[in-house]
Structures are given as C-alpha cells and as structure tokens.
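Listed below are the residues making up each chain.
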Amino acid sequence: MAAAAQLEDVPNESLFSELLRRMKCAPKPEKRIILVGPPGCGKGTQSPIIKEDFCLCHLATGDMLRAAVAKQTPLGLQAKAAMDKGELVTDDLVVGIIDEALKRPSCSKGFILDGFPRTVVQAEKLDAMLETQGHKVDKVLNFNVEDSVLEERITGRWIHPGSGRSYHSKFAPPKVSGIDDVSGEPLIQRKDDTAEVLKSRLDAFHKQTTPVIAYYSQKGIVVDLQAEKPAKDVTSQIEKALS
Ligand code: ADP
Ligand code: AMP
C-alpha cells in the first residue's frame, strides 16, 4: 500500500522512462559480474556503461560506505577511521551491506560489484550467499594498471557524491570545471584521494585483494583487461568479454 502511494507521486516522465527501461531489460540474460583492480583503475568509470548495456544493478561498496559516513549512521561511524587511513573496513561490515543490497529488485537481473570482494573471506561469503539462491558469479573483470599510472588518476579525480559519477581534470574533464554534467551540482575531491593515502590503499590491494584474483582464476572466470588504455578502449574490451 505504501509503495503504491509513493508511485502516485512519481512524475509521468520518470514513470514512462522506467517502464521503457524495464521493457528493454526483460529479454536480457542474467549476469553477475565482479570488477576488481587497484584504486583508480577505472571501475567506477566503466560501471555505469555496463549497467546500462546489460540492465544490472551497480553496487560500489566504497560509495555505499561514503554515503553512510556522510549521514553519520552507526555503520558509517564504524567505517570512517579505516577509510581515512586507506585501510580496509572489516569483512563483516561490507558483507552485511552487500547481503542487504543484493535483495533489491533492481538486482534481479544480476549485478556489477565494484570494489567488493576485496578479501578472500569476502569472496567466500559472497559465493555462499549466491549459492543459497542458486546463483554464481559469471565473470570477474580484472583491471590491470601499473601502480605508477594510478597517482595521476587518483589525484586528478573529481566525483559527484550523489551519483558516484567520476571525472578527471585531465583525462575526463566535466563540461564546466567543478560541476557535474548531469545534475549541475558541485563536484568534490575525495578525502582519501591523496598521494599519501594512495600508498596504503595500494598496499591493501596488493596484500589483501590480489589473492581474490587468484581465488577466481582457479574457477576459470577471470578476464584480464588492459585498463591503462583510454577509457573507450577499455569499454570495448569489456563488451567483448561479456558478449
Ligand atoms: P576506480 O573506480 O577504479 O577507483 P575511477 O573509474 O574513478 O576508478 O577512475 C579514476 C580516475 O581515472 C577518474 O578520475 C577517471 O575519470 C579516470 N579514468 C578512468 N579510466 C581511465 C582511463 N582508461 N584512462 C585515463 N583516465 C581514466
Ligand atoms: P573505494 O571507493 O572502492 O576506493 O573504497 C574506499 C574505501 O572504502 C576503501 O579504502 C576501504 O576503506 C573501504 N572499502 C570499500 N570497499 C571495501 C571492501 N569490499 N572491503 C573493505 N573495505 C572496503
């Protein structure tokens, strides 16, 4: 009853475009995809394109945690210190967020996980969660970028906090400096997007997340991407991998 009442307030234009989207998505096959790679490798840039093409939900644990920190929820308060230092938050915390999010109707055709799993424990827990629903991960896209390229990408990144859209002052500038192209709202730089914090984030990636790639390689579902190439080229590699 409450959901129906909320629908009455949705403008016609939004309702029609959502209906059209659902009609377009109905025949698409289900897909469950993980994006893995170091900070700044391009996961957030490619996710909206894959989401649109394949009708999947996009779950970025970093975005979800930042929203919780901004709202000062108990979860956000728990996560903040580790995030500021560029360390990983606890497995239980992120597994709980993902478990909840995967139940959303928008995830019914499958998902793109961006920034999760980041440890082997998270990967095992995800597999267990999916198994109970008779599902499994289909593909893991491994974004390969040398560490030396990442500092310029990270320190030049600007994001729109509401949507997670990312820009780059040199590689992907917004139409108007400091302003989101879609909403016209201001862009911000992330507190942890500094050369200093990047060192800890890369350290966490190499020590804790590289084993996740090995975990999925054993299952034969990892596709290696040359993610140092321009963003359009990376999109083509992904389309080829998922078709
Ligand atoms: P991640 O989500 O993996 O941390 P992003 O997608 O936010 O990374 O990309 C980090 C920064 O690098 C952003 O500012 C983005 O605009 C830029 N970027 C993304 N892909 C490329 C690319 N292929 N070449 C150059 N810059 C890129
Ligand atoms: P990201 O936006 O993916 O760069 O993530 C930002 C920060 O959020 C990371 O440095 C971690 O502190 C935290 N975080 C995001 N995803 C995870 C995860 N799957 N496991 C643990 N910590 C995470």
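Residues numbered from 1 in each chain as written. Chains lettered and ligands numbered in written order. Predicted model: local features only at pLDDT ≥ 70, side-chain atom pairs only at ≥ 80, totals over all residues. Heavy atoms only, no water.

Draft legend 1. Fine view of the UniProt feature "domain: Adenylate kinase active site lid" (unreviewed entry) in the protein chain. When the UniProt feature table is mapped onto this chain, "domain: Adenylate kinase active site lid" (unreviewed entry) is found at residues 157–192. Secondary structure content for residues 157–192 is 0% helix and 17% strand, while the C-alpha to C-alpha distance between its ends is 11 Å. (UniProt positions renumbered as here; feature names shortened; annotations may be inferred. Helix = DSSP H or I, 4+ residues; strand = E, 2+ residues; numbered from the N terminus.)

Draft legend 2. View of the packing of aromatic side chains. If you walk through the whole model with that rule in mind, you get one aromatic pair. Measuring from centroid to centroid gives 5.0 Å for Tyr215 and Tyr216, while their planes differ by 85°, and the two rings are edge-to-face. You'll find Tyr215 and Tyr216 in the same group, each marked buried. (Phe/Tyr/Trp six-rings, centres within 6.5 Å; stacked < 30°, edge-to-face > 60°. Buried < 20%, exposed > 50% of the residue type's maximum accessible area, 1.4 Å probe, protein only.)

Draft legend 3. Seen up close, the site of ligand 2. Within the structure, ligand 2 sits among 15 residues, and Thr61, Arg66, Glu87, Gly115 and Gln122 are positioned closest to it. Between ligand 2 and Glu87 there is a distance of 2.6 Å, counted from an oxygen atom to a backbone nitrogen or oxygen. Within the side chain of Gln122, one N or O atom sits 2.9 Å away from a nitrogen atom of ligand 2. Protein chains bury 95% of the 490 Å² of accessible surface belonging to ligand 2 in isolation. Sort the elements by how many residues they give to the shell around ligand 2 and helix α4 (residues 61–71) lands first, with four residues. A breakdown of the residues in the shell around ligand 2 according to their chemical character gives six nonpolar, four polar and five charged. (Near = heavy atom within 4 Å. Polar contact = N/O pair within 3.5 Å; in protein donor to acceptor, adjacent residues only side chain to side chain. Areas by Shrake-Rupley, 256 points an atom, 1.4 Å probe, with all protein chains shown as cover. Nonpolar A, V, L, I, M, F, W, Y, C, P; charged D, E, K, R; others polar.)

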